[in-house]
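Spelled out from the first residue to the last, the chains are:
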Amino acid sequence: MASRALPPPPPTVRRTGGPVSVVFGATGRAGREIVQALLREGHDVVAAVRNESKLNEVFGASALSGATPASLGHGLLDYISGIDVTNAATLSSGNVPAVLKEASHVVVALGPVGGVQPGGGFGFFPGLTSEDVDFKGVTKVIDAVVDAKGVVKEGAGEGGKKQAAGEVEERKRTLFRFETPEDVAKWQRLDDVIMGGQSSSSLELDREKGYATYTGSLVVEGGGFCGTRASGGDAPVDLSGFDGVTLRVRGDGHRYKLNLKTTETLASENVYQAAFDTLPLQDAGEGAGGWQTITIPFHRFYPVVRNRVDYKAAPLQPSSQAAVSLGLVYSRFEFNRQANPYYDPGAFSLSLEEIALYRSRRPSLVLVSSAGAERNAKVETEEDRKTEIPIVMLNPGGILNWKYRSVQRDRERKREDGRPDVVCAVESPACAFASVFFNTPLLFSSFPSAETYLRASPLPYIILRPCGLVPEKAFGDEPSTGKLQAGQGDTITGRLTRQDLGLAVAAALASPYSAGKTMEIRRDEAADANAMTGVGRRPRTTAVTALELFQTLVADKDRAVSGTSGLFPFPEAVDPPQEVSPERAKEILNDPRVKAQQERDRALVESGALQKGQGGGGRIEEEPAAAVSMTASQGK
Ligand SMILES: NC(=O)c1ccc[n+]([C@@H]2O[C@H](COP(=O)([O-])OP(=O)(O)OC[C@H]3O[C@@H](n4cnc5c(N)ncnc54)[C@H](OP(=O)(O)O)[C@@H]3O)[C@@H](O)[C@H]2O)c1
């Protein structure tokens, strides 16, 4: 590359007004695709890089001069340079804390750095090993984000209450309260008498207790529904920036429906409708007295005309619609005149404290970890390791251990020592002081991996564990849906492109279902196979498929308690295995699965589709045993 004078870094971050995402590892092979996906989604991206020349090499000179190349997307690309995550001082100096404070999201796609060693052969460079970057470096980034945001943490560990500032915060906007006669007067009765039925209902205020009860009697003959409706006020209520409607109610075991009329459904019979179930009174817990908080995301509202679903109507789009009125319905029918499974003729009672719009927490930090990390922690013997997938067999430099290791076993180890818990995840003056104060040696590793450190941090996060990362061409020229699949518990293996990973990161940052979760991710090759035969052909990953991706995943806190989620709790720690011997590495490389991958990559290199060193097996071309230790994509 021709040398050129580089302009000084800009003093403040350039912004268009979209979300600001800081990406660590932005010049890495995965990081650059993540940057581009975020720019396409309208994020303003700040690349946190080691040096400007690599940024120039990867994104072009315009990235340094203030103009985002048009090909990169809608957002603005900016950078902070001189970042060495192994050196905390570089994360707390200059404008870095201000940039981190301003950022809505931080993406960590770091990896160890290696190459030809001074003494010959390949390996990670001292100071930039997996332990240095994947573990210590990542924990320093997490600390820097926590410090910059001034995040407070109440209570320790996974159960501690977490709060974070900024755009990722949960939000609520109250639409209706039920405390005064004026509150109740906003609601109008809409029973089946309007069509000749005999049901009746009313909303009655209990002023002393500060709530109202919607009560009445449902008569099936001649109709079979009761309803009440209130307008949102003088002006329609903007729904953008919210995820759904939340209600604080005490019911009677019946299923009710919530109607939402928006600027899109002004015709008299059109409305968006969602059903919700209430607790039977006898199940009401002590103290709570049967009160429940119901949350109904917007995507659970169906467009209906009377109670028939209007399949041709536009779905409820909070970004472009405003709420005009809200209604509650108790009906013998659910949708499409099918029976409401939880209704009884006669009396009903639904007490109401509040109806509000809500926005869920978004992840403020995305950690790109690796599939195989949890699988590695379950390996008990070297014999077991031999039956594992190649990346777990090799576990180069203990990379998988530095990404994931459980907290629990280390705690037990300390207690056996009988020493007080002066345990630090990384070196810091506070830790050194504590060790002197308690007259005890410094113990490191209370949270001895990047993943566990992040889970115990106060930041809302998502941990994405990609399976083997490969170039687009690795999938050949066959039609592809680009659809992604998620797994949990580290059981899936497979491949995906770095562009796929970029899409998944962007989708995770927008999704109300991604915070607090750890997932493996791969390309849905079965969907691709179907696409080849014309069955189930679908567009590339979209907002809807991204919703599918995160919605059904179990939150990490629910995995911690055995039996609540159907997923095993995270496994206990294992020590990093011994480095594999060159002989064993050769054996692994002779594994038919690895050989097949190498063959595929070799063919791509020969056809010019894949640059040497670019693919899952590309680096193996150069120097088998050690080169394999530098790539994580093998055989996942
Ligand atoms: N390859 C796979 O198949 C695969 C599969 C699953 C998961 N993963 C994981 O995905 C992540 C990203 O992988 P990748 O292939 O994109 O890695 P990569 O190309 O090696 O990129 C690593 C990035 O980290 C940066 N970095 C390293 N040390 C740093 C330091 N001390 N301070 C600041 N930045 C530093 C590098 O900066 P420079 O650009 O300046 O060198 C580079 O941008 C890794 O954690 C990897 O384990 C990979």
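Residues numbered from 1 in each chain as written. Predicted model: local features only at pLDDT ≥ 70, side-chain atom pairs only at ≥ 80, totals over all residues. Heavy atoms only, no water.

Draft legend 1. Representation of the side chain of Gln488. For Gln488, the location among the structural elements is in the loop between β28 (484-487) and β29 (495-497). Taking the relative accessible area as the measure of exposure, Gln488 reaches 14% and is therefore buried. Among the polar contacts listed, one links the side chain of Gln488 to the backbone oxygen of Thr518, at a separation of 3.0 Å. When neighbours within four sequence positions are excluded, Gln488 is seen to be in contact with Thr518, Met519, Glu520, Leu553, Val554 and Leu567. (Helix = DSSP H or I, 4+ residues; strand = E, 2+ residues; numbered from the N terminus. Buried < 20%, exposed > 50% of the residue type's maximum accessible area, 1.4 Å probe, protein only. Polar contact = N/O pair within 3.5 Å; in protein donor to acceptor, adjacent residues only side chain to side chain. Contact = heavy atoms within 4.5 Å.)

Draft legend 2. Local environment of the packing of helix α1 (residues 29-40) against helix α15 (residues 498-510). Relative to each other, α1 and α15 sit at 50 degrees, their axes nearing to 8 Å. With respect to α15, the axis of α1 lies oblique. As α1 runs across α15, the sense of the crossing is right-handed. Contacts between α1 and α15 pair Arg29, Ala30, Glu33, Ile34, Ala37 and Leu38 from the former with Arg498, Gln499, Leu501, Gly502, Leu503, Val505, Ala506 and Leu509 from the latter. The class makeup of the residues in the contact of α1 with α15 is nine nonpolar, two polar and three charged. (Axes fitted to C-alpha atoms, helices over the stretch in contact; angles between N-to-C directions. Parallel < 35°, antiparallel > 145°, perpendicular 65-115°, else oblique. Left-handed = near helix turned anticlockwise from the far one by under 90°. Nonpolar A, V, L, I, M, F, W, Y, C, P; charged D, E, K, R; others polar.)

Draft legend 3. Structural view of a nonpolar patch on the surface. Together, Val193, Ile194 and Met195 make up a nonpolar patch on the protein surface, roughly 320 Å² of accessible area in all. Taking relative accessible area as the criterion, Ile194 reaches 65% and is therefore assigned exposed. (Patch = residues over 30% accessible without salt bridge, like charges linked within 9 Å, V, L, I, M, F, W, Y side chains within 5 Å. Areas by Shrake-Rupley, 256 points an atom, 1.4 Å probe, with all protein chains shown as cover. Salt bridge = Lys/Arg side-chain N within 4 Å of Asp/Glu carboxyl O.)

Draft legend 4. Fine view of the confidence of the model for the protein. In the predicted model, the protein carries a mean pLDDT of 80, and 74% of its residues have values of at least 70. Every residue in residues 153-167 scores below 50 in pLDDT, and together they form 25 contacts with partners more than four places removed in sequence or on other chains. (pLDDT = per-residue confidence, 0-100.)

Draft legend 5. Broad picture of empty space enclosed by the protein. For the structure on display, the rule yields three cavities of 30 Å³ or more. Counted as a void, the largest cavity has a volume near 50 Å³. Surrounding the largest cavity, Val108, Leu110, Asp134, Val138, Leu367, Val368, Ser369, Lys403 and Ala450 form its lining. Sorting the residues of the lining of the largest cavity by element identifies α6 (130-149) and β23 (365-368) as the ones contributing at least two each. (1 Å grid on protein atoms, 1.4 Å probe; cavity = no way out; pocket = protein on both sides within 12 Å on 5 of 7 lines; lining within 4 Å. Points joined across faces, edges and corners; volume = space filled by probe spheres on them.)

Draft legend 6. Quick look at the nonpolar core. Within the largest apolar cluster, 41 residues are counted, with the highest numbers of intra-cluster contacts made by Leu464, Leu501 and Phe550. Ranked by residue count, the leading element in this core is α15, at seven residues. Setting aside chain neighbours within four positions, we find Phe550 in contact with Ile462, Ala504, Ala507, Ala508, Ser511, Tyr513, Ser514, Lys517 and Met519. Ala212, Ala230, Leu260 and Leu357 belong to the second largest nonpolar core, which has 37 residues in total. (Core = buried A, V, L, I, M, F, W, Y, C linked by side-chain atoms within 4.5 Å.)

Draft legend 7. Geometry of unusual backbone geometry. A positive phi angle is found at Arg306, which is not glycine, with a value near 50 degrees. Here Arg306 lies in the loop between β19 (302-305) and β20 (308-309). One non-glycine residue, Asn336, adopts positive backbone phi at about 55 degrees. Among the structural elements, Asn336 can be located in the loop between β21 (322-331) and β22 (346-359). Asn336 sits in the partly exposed class, given a relative accessible area of 28%.

Draft legend 8. Looking closely at the sheet that holds strand β4 (residues 105-108). Across the sheet, eight strands lie side by side as β3-β2-β1-β4-β23-β26-β30-β28; this open sheet has mixed pairing. Where the open sheet ends on each side, the last strands, each with one partner, are β3 (77-80) and β28. Going across the sheet, the axis of each strand differs from the next one's by a mean of 25 degrees, ignoring polarity. In this structure, strand β1 (residues 20-24) lies alongside β4, joined through four bridges in parallel fashion. In the strand pairing of β4, Ser21 is matched with His105. (Pairing = 2+ DSSP bridges.)

Draft legend 9. Main features of the pattern of salt bridges. Taken as a whole and judged by the stated rule, the model has 24 salt bridges. Residues joined in a network through salt bridges with shared partners are Glu374, Glu451, Arg455, Arg465, Glu520, Asp556 and Arg559.

Draft legend 10. Layout of helix α2 (residues 52-59). Among all positions of α2, only Glu52, Leu55, Asn56 and Phe59 are buried. Considered in projection along α2, the buried side chains sweep an arc of 100 degrees and stay on one side of the axis. Directly after α2, the chain includes Gly60, whose backbone phi takes a positive value near 90 degrees. (Arc of directions from axis to C-beta.)

Draft legend 11. Quick peek at the packing of aromatic side chains. Evaluated as defined, the whole model comprises twelve aromatic pairs. Measuring from ring centre to ring centre gives 5.7 Å for Phe178 and Trp187, while their planes differ by 35 degrees; the resulting arrangement is tilted. With relative accessibility at 0%, the residue Phe178 sits in the buried group. Members of the aromatic cluster, connected to one another through ring pairs, are Tyr214, Tyr256, Phe276, Tyr330 and Phe348. Between the NZ or CZ atom of Arg171 and the centre of the ring of Phe242, over which it lies, the distance is 5.4 Å. (Phe/Tyr/Trp six-rings, centres within 6.5 Å; stacked < 30°, edge-to-face > 60°. Lys NZ or Arg CZ within 6 Å of the ring centre and 35° of its normal.)

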